[in-house]
Amino acid sequence: VQLQASGGGLVQAGGSRRLSCVASGSDFMFDVMAWYRQGPGKERELVTSILNDGNTDYSDSVKGRFTISGGNAKNAVDLQMNSLKPEDTAVYYCKMNRFLGGLRYWGQGTQVTVSS
């Protein structure tokens, strides 16, 4: 199974960016899809997640600005990022989990840089 993330780039503060992540090589559906990020000199942190039933969760730092979408029998997850701030600068990683078997897969990361 491979996860391919895309959509990163340079954006000005206040702008928007959409990240996408697609899984290939799996014949099963994932139970949880999520986006993490790791800023310069920081630990990787959970940004948002979505369950297969559509329930979502967001970190306080992005709530109201970011929207995760995906699941629904599609092995793909997007992250719409609005009102971006310089502190959102990070490498963004997608992750997909399958409860059965404890399977966890990571994408390769995509850099998002927000200029002030």
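Quick note: structure is the one above.
1. Observations concerning the nonpolar core
Soluble, globular proteins show a tendency: their nonpolar side chains are buried together.
Consideration 1: Counting 26 residues, the largest nonpolar core has Trp35, Phe66, Val77, Met81, Tyr92 and Met96 as its most contacted members.
Consideration 2: Elements that contribute at least two residues to this core include exactly strand S1 (2–6), strand S3 (17–24), strand S4 (32–38), strand S5 (45–51), strand S7 (66–71), strand S8 (74–81), strand S9 (90–98) and strand S11 (110–115).
Consideration 3: Looking at which element gives the most residues to this core, the answer is S9, with four residues.
Consideration 4: When sequence neighbours within four positions are dropped, the list of residues in contact with Tyr92 reads Leu19, Trp35, Tyr36, Arg37, Val47, Phe66, Leu79, Met81, Gly109, Thr110 and Val112.

2. So, the environment of Thr89
Consideration 1: Looking at where Thr89 falls in the secondary structure, it is placed in the loop between S8 and S9.
Consideration 2: Through-space distance from the C-alpha of Thr89 to that of Thr113 is 4.6 Å; in sequence the pair is 24 residues apart.
Consideration 3: Apart from residues lying up to four places away in sequence, Thr89 is in contact with Gly39, Pro40, Gln111, Val112, Thr113 and Val114.
Consideration 4: Separated by 2.9 Å, the side chain of Thr89 and the backbone oxygen of Pro86 make a polar contact.

3. Considerations on the environment of Gly14
Consideration 1: With respect to the helices, strands and loops of the structure, Gly14 is situated in the loop between strand S2 (9–12) and S3.
Consideration 2: Gly14 gets classed as exposed once you look at its relative accessible area, which sits at 55%.
Consideration 3: Sequence spacing of Gly14 and Ser115 is 101 residues, and the spatial spacing of their C-alpha atoms is 9.3 Å.

4. Observations regarding the pairing of S11
Consideration 1: By the alternation rule, side chains of S11 split into Thr110, Val112 and Val114, which are all buried, and Gln111, Thr113 and Ser115, of which none is buried.
Consideration 2: Pairing analysis gives four bridges linking S2 to S11, with the strands arranged parallel. Note that in S11 the partner of Gln12 across the bridge is Ser115.
Consideration 3: In this sheet, S11 lies alongside S9 in antiparallel orientation, the contact comprising three bridges. Looking at S11, one finds that Val91 is bridged to Gln111.

The rules behind the values
- Residues numbered from 1 in each chain as written.
- Predicted model: local features only at pLDDT ≥ 70, side-chain atom pairs only at ≥ 80, totals over all residues.
- Heavy atoms only, no water.
- Core = buried A, V, L, I, M, F, W, Y, C linked by side-chain atoms within 4.5 Å.
- Buried < 20%, exposed > 50% of the residue type's maximum accessible area, 1.4 Å probe, protein only.
- Helix = DSSP H or I, 4+ residues; strand = E, 2+ residues; numbered from the N terminus.
- Contact = heavy atoms within 4.5 Å.
- Polar contact = N/O pair within 3.5 Å; in protein donor to acceptor, adjacent residues only side chain to side chain.
- Pairing = 2+ DSSP bridges.

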